[in-house]
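Read off the chains here:
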Amino acid sequence: MHPDIRPRDEAGPAVRMSPLKRGMWTFLALAGIAAFYQGWHLLHTHHPVVGDALLGGLAAAGATALGTLPILFCRTLSDRTQDTMLGFGAGIMLAASAFSLVIPALGAASELGLGRWAAGLTVGAAILLGAGALMLMDQRIPHEHFIKGKEGKDARALRRAWLFAFAITLHNFPEGLAIGVGYAGNDALRASALALGISIQDVPEGLVIAIALRAAGYSRGFAAALGAASGLVEPIGAVLGAALVGGSAQLLPWGLGFAAGAMLFVISHEIIPESHRKGHEAWATSGLMLGFVLMTLLDTALG
């Protein structure tokens, strides 16, 4: 078993770095920030929509990392609180799917000259494609649910960590894709509202992921690090969505609908069942309603 991921109750003793190593890591960090800024500036100059999508995805990734930090200082949260937080995230994603993806997709289809039936069928087909793609990935990629876990016993620690990582990737990629497609298909304010809503729900989501890893026996540092790293797939999905959809008006309703379908699959297949598994359905539903209302307000006020 790899020593860095060995389950343990408490983190090991702190490792001290020499001033030379500390200075080298600081220099590399600053160089990385400078390189990223230069790359983003070039990207934003030539492809502004993709540049904005990248920033939106990075904001969501940062929110996920922020949510994992309490695991370093607190022991755990009650099951009722976790279920409420999951429901809250589901409500935000549900409203974002409807108001920031499906409705703009119908509008984009109408602008292409499609009638009401044709626009509805086009967006409906795109939603089914998005959900079908996530369902296929869910069936083909081995993974472990955040709370419910993997069926079977005696899984190796490394394997379980990667199963969590695969599940997190399946969960977060549609969010990044939605951000990117949202910037390609909406005005800047509405796209920013979508990115903000997803970022807000990523904070409790990051904490729940870290708690699940901690409950599986991993150290606080490893749980926080893997939970934070799980958000890195979101800027990748955001750039991919904006780049693919932003260059073609014909693809816009399909891209928006596809992203909505992927998010709806995650809500129905992953988040709601997890939030109802331990008998706190009322709290989870209350969280969902609050999240839905919050995202509705954000979309109305900013969009």
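Residues numbered from 1 in each chain as written. Predicted model: local features only at pLDDT ≥ 70, side-chain atom pairs only at ≥ 80, totals over all residues. Heavy atoms only, no water.

- With an unreviewed UniProt entry as reference, the protein is termed Metal cation transporter, ZIP family, source organism Achromobacter piechaudii ATCC 43553.
- A UniProt comment under Subcellular location (unreviewed entry) is attached to the protein, and it reads "Cell membrane".
- Per its UniProt entry, the protein bears the Sequence similarities (unreviewed entry) comment "Belongs to the ZIP transporter (TC 2.A.5) family." (UniProt positions renumbered as here; feature names shortened; annotations may be inferred.)

### Remarks on the UniProt feature "transmembrane region" (unreviewed entry) in the protein
Here comes step 1: Under the local residue numbering, the UniProt record ascribes the feature "transmembrane region" (unreviewed entry) to residues 23–41, 53–73, 85–105, 117–136, 157–173, 225–245, 251–271 and 283–302.
Here comes step 2: Strand forms 0% of residues 225–245 and helix 86%; the C-alpha atoms that close the span are 32 Å apart. (Helix = DSSP H or I, 4+ residues; strand = E, 2+ residues; numbered from the N terminus.)

### Side note on the pattern of salt bridges
Here comes step 1: The full count for this structure, using the stated rule, is two salt bridges.
Here comes step 2: Note that aspartate 79 is salt-bridged to lysine 278, the shortest N-O span being 3.2 Å. Separated by 199 residues along the polypeptide, aspartate 79 in helix α3 (residues 79–111) and lysine 278 in the loop between α9 (252–276) and α10 (281–302) bring together distant segments of the chain.
Here comes step 3: For aspartate 79, a relative accessible area of 33% gives the class partly exposed.
Here comes step 4: Residue classification places lysine 278 among the partly exposed residues on the basis of a relative accessible area of 35%. (Salt bridge = Lys/Arg side-chain N within 4 Å of Asp/Glu carboxyl O. Buried < 20%, exposed > 50% of the residue type's maximum accessible area, 1.4 Å probe, protein only.)

### Focus on the environment of threonine 81
Here comes step 1: Turning to its location among the elements, threonine 81 is positioned in helix α3.
Here comes step 2: Separated by 206 residues in sequence, threonine 81 and glycine 287 have C-alpha atoms that sit 9.6 Å apart.
Here comes step 3: In this structure the side chain of threonine 81 is engaged in a polar contact, spanning 2.8 Å, whose partner is the side chain of serine 78. (Polar contact = N/O pair within 3.5 Å; in protein donor to acceptor, adjacent residues only side chain to side chain.)

### Points about helix α8 (residues 233–246)
Here comes step 1: A rise of 1.5 Å per residue sets the reference length of α8, with its 14 residues, at 20 Å; its end C-alpha atoms lie 19 Å apart and thus fit the reference within 8%.
Here comes step 2: Taken together, the buried positions of α8 are occupied by Val233, Glu234, Pro235, Gly237, Ala238, Gly241, Ala242 and Val245. (Expected span 1.5 Å × (residues − 1).)

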